Every structure is written in structure tokens, then in C-alpha cells.
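# Tertiary structure, described
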Amino acid sequence: VSFYTSDVSNGISSIHNFHESHRPTKRINLITLKNYLRENCVQSVDFLKIDTEGHDLFVLKGFPFDRIMPAIILCEFEDRKTLTLDYSCVDLIMFLKDKGYKTESLIEFPGH
């Protein structure tokens, strides 16, 4: 897939073209966490940190929750990036809640 970088900030590089300064600068290969963990014989994950500039829900969907449950998951969300990918921060929160995680440190949304 194309990888986009920016002259404005190194912190917004992404596979998602969400900023007007983004330019495709290289092509990269992707792998799901499920496949990476299997290929590297990883049996447990204590702390999972995800910062994929809007693709955090997709990364989580590629995690093998059926066999590994990280004790802590830290991920970011920003509707400005994710709404163009057809999900919102509420969707991310509900995904984690459905997996049994508590979201006490997050702002709760009415009805969720």
C-alpha cells in the first residue's frame, strides 16, 4: 500500500491520506497482528499500544482475542481521521467494551 508522509509533521505519517500536506513517498507491506504473533510464536501480550493514525480499530480487528487478551490496551482515536474510514470513536470504544475491556478513563457517551 502507499505510505504518506508530510513536510508539516513526522507524526502524521500514515497509510491513510487524511492531511492536505500528505504525499505518497513509498510503498509498504502490511501484516495483521494475528499473523505477526503467530509467525513469531508470541504467546502473550501484556501491553498493546496502537498509534496508527486512524487505523486503530482495524489493527484491533486483526488481533487474536480468541487466544490472547492483553491486560492493557492503549490506542488513540480522532474522528477527523476515522470518520473518513467509516468509523467513529464510539465504534472503537464499543469494540473494546465488547471484548470485556473497561473504558473508565474515557469520556462516556450517552447511551453507550
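Described in the following lines is the structure provided in the data block.

The rules behind the values
Residues numbered from 1 in each chain as written. Predicted model: local features only at pLDDT ≥ 70, side-chain atom pairs only at ≥ 80, totals over all residues. Heavy atoms only, no water. Helix = DSSP H or I, 4+ residues; strand = E, 2+ residues; numbered from the N terminus. Polar contact = N/O pair within 3.5 Å; in protein donor to acceptor, adjacent residues only side chain to side chain. Contact = heavy atoms within 4.5 Å. Salt bridge = Lys/Arg side-chain N within 4 Å of Asp/Glu carboxyl O. Buried < 20%, exposed > 50% of the residue type's maximum accessible area, 1.4 Å probe, protein only. Phe/Tyr/Trp six-rings, centres within 6.5 Å; stacked < 30°, edge-to-face > 60°.

With that settled, consider the environment of serine 9. Turning to its location among the elements, serine 9 is positioned in the loop between β1 (2–5) and β2 (23–27). Along the backbone, serine 9 and histidine 22 are 13 residues apart, and their C-alpha atoms lie at a distance of 9.6 Å. Within the structure, the side chain of serine 9 is placed 3.0 Å from the backbone nitrogen of glycine 11, a separation counted as a polar contact.

Locating leucine 30 in the fold gives a position in the loop between β2 and α1 (33–39). Sequence separation between leucine 30 and cysteine 89 is 59 residues, and the spatial gap between their C-alpha atoms is 23 Å. Each residue touching leucine 30, except ones within four places of it in the same chain, is listed here: Val1 and Ile15.

We now examine the pattern of salt bridges. Applying the stated criterion to the full structure yields three salt bridges. Among the ionic pairs, glutamate 78 bridges to arginine 80, the shortest N-O distance being 2.8 Å. Salt-bridge contacts for lysine 81 lead to glutamate 78; the nearest nitrogen and oxygen are separated by 3.5 Å. Take lysine 81: its relative accessible area is 6%, and that puts it in the buried class. Taken together, the shared-partner salt bridges in this structure form one network comprising Glu53, Glu78, Arg80 and Lys81.

Time to look at the packing of aromatic side chains. Scanning all chains against the criterion turns up four aromatic pairs. Ring centres 5.4 Å apart and planes at 80 degrees place the aromatic pair phenylalanine 58 and tyrosine 87 in the edge-to-face group. One end of the pair, phenylalanine 58, is in helix α2 (residues 56–61); the other, tyrosine 87, is in the loop between α3 (79–82) and α4 (89–98), and 29 residues separate them in sequence. Taking the centre distance of 6.0 Å and the plane angle of 65 degrees together, the rings of phenylalanine 65 and phenylalanine 95 count as edge-to-face. With phenylalanine 65 in the loop between α2 and β4 (72–75) and phenylalanine 95 in helix α4, this pair connects stretches of sequence that are 30 residues apart. As far as burial versus exposure is concerned, phenylalanine 65 and phenylalanine 95 are alike and both buried. One aromatic cluster is present, built from ring pairs that chain together Phe63, Phe65, Phe95 and Tyr101.

Our next topic: α4. Those residues of α4 lying buried are Cys89, Val90, Leu92, Ile93, Phe95 and Leu96. On its buried face, α4 sits against α2, β4 and α3. A positive backbone phi angle near 100 degrees is found at glycine 100, which sits one or two residues after α4.

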